[in-house]
Amino acid sequence: MIATEATPAKRRRGQGVGTVYEILKHEILDLTIQPGSPIDEVKLTERFSMSRTPIREALVKLASEGLVVTLPNRSTVVAPIDFQNLAHFFDALTLMYRVTTRLAATNRTEAEIVRIRQLQKSYEDAVSEKNVSAMIEVNRDFHAEIARAGKNRYYTDLFERLLDEGRRLLRLYYSSFNDELPQLYLDEHEEMVQAVADRDVAAADRIAQQHAQQIVRQIQAYITEDRRLNADIQL
């Protein structure tokens, strides 16, 4: 009887953790909650009408993904974006796009091609629906699946870490297009998949490099764009 009564409570707590995690993750990736913003556990308990235990469990899960960090004074903040070292991040990201796609073209299986194509279809659907949260997550999974097809877990682990770290930068990328990704860049994904399926290492490398470079250029241009509203006002 005790076990039976405890099970629903445990299930509700698990559902509560999942709800908090998904909502906060969406708001962090969408930049609704800005990088560096403090996370107030008391306010979250009031917002979600929950105890602090599921709130803390959700924050631990977000911390494991690098989306929040705990400071030495035990306060929690949304993980900052390291703009100072962005050039190093982009350099590593571009290299890993190329390395993992080259290896996938060499080592992929037919089953992996099927999974990659399924993820690409999901990405196309998210783009069509202008579902930016899904675009960010499925894009990450798409490239991670290509990396896994390369069969080098060290490269895969590093690339997944870079992809996770870059999810909020990808939000800026989509914002630069007003959340309407041009067909040209959807076509790049298709060309990448085809090169991997054809075992064309040279084409896979070329397309991956091109894809990474256009993303980097677009984000850099968006970050440095002059969006001042009052610069030309005569005072």
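Just above, that's the structure.
Predicted, not measured: the structure shown is a model, and the values here were computed from it.

S.K.: How would you summarise helix H9 (residues 183-197) if you had to cite specific residues and measurements?
M.R.: Compared with the 21 Å implied by 1.5 Å per residue over 15 residues, the 21 Å span of H9 between its first and last C-alpha is a close match. For H9, every residue scored as buried is listed here: Tyr185, Leu186, Glu188, His189, Met192, Val193, Ala195, Val196 and Ala197. Here the buried face of H9 lies against helix H4 (86-107), helix H5 (110-129), helix H6 (132-149), helix H8 (167-175) and helix H10 (201-224). Arg199 sits one or two positions beyond H9 and adopts a positive phi of about 55°.

S.K.: Break down unusual backbone geometry for me, citing the residues and quoting the values.
M.R.: In terms of backbone geometry, most residues other than glycine have negative phi values and most peptide bonds are trans. In this model, Lys130 sits at a positive phi of 55°, which is unusual for a non-glycine residue. The topology assignment puts Lys130 in the loop between H5 and H6. Even without being glycine, Lys151 reaches a positive phi, approximately 70°. The residue Lys151 is located in the loop between H6 and helix H7 (153-165) in this model. The partly exposed category is assigned to Lys151, whose relative accessible area is 45%.

S.K.: I'd love a proper account of the sheet that holds strand S1 (residues 38-39), names of residues and values included.
M.R.: Reading across the sheet, the three strands line up as S1-S3-S2 and stay open at both edges, with antiparallel pairing between neighbours. For this open sheet the edge positions go to S1 and strand S2 (68-70), each flanked by a neighbour on one side alone. In terms of strand pairing, S1 meets strand S3 (residues 76-78) through two bridges, oriented antiparallel. If you follow Ile39 over to S3, its bridge partner there is Thr76.

Rules used in this analysis
As a convention, each chain's residues are numbered from 1 in the sequence order in which they are written. Per-residue local features are limited, in this predicted model, to residues with pLDDT of at least 70; the limit for side-chain atom pairs, both in listing and counting, is 80 or more; totals at the level of whole chains, interfaces and linings are taken over all residues. The side-chain values count all of the structure's non-hydrogen atoms but skip hydrogen atoms and water molecules. Only DSSP runs of H or I covering at least 4 residues are called helices, and only runs of E covering at least 2 are called strands; the numbering of each starts at the N terminus. An expected span of 1.5 Å times one less than the residue number is assigned to each helix. Under the scheme applied here, a residue whose accessible area is under 20% of the maximum for its type counts as buried, over 50% as exposed, and between as partly exposed, the area being computed with a 1.4 Å probe on protein chains only. In what follows, a contact means two residues having at least one pair of non-hydrogen atoms within 4.5 Å. At least two bridges found by DSSP between two strands is the condition for calling them paired.

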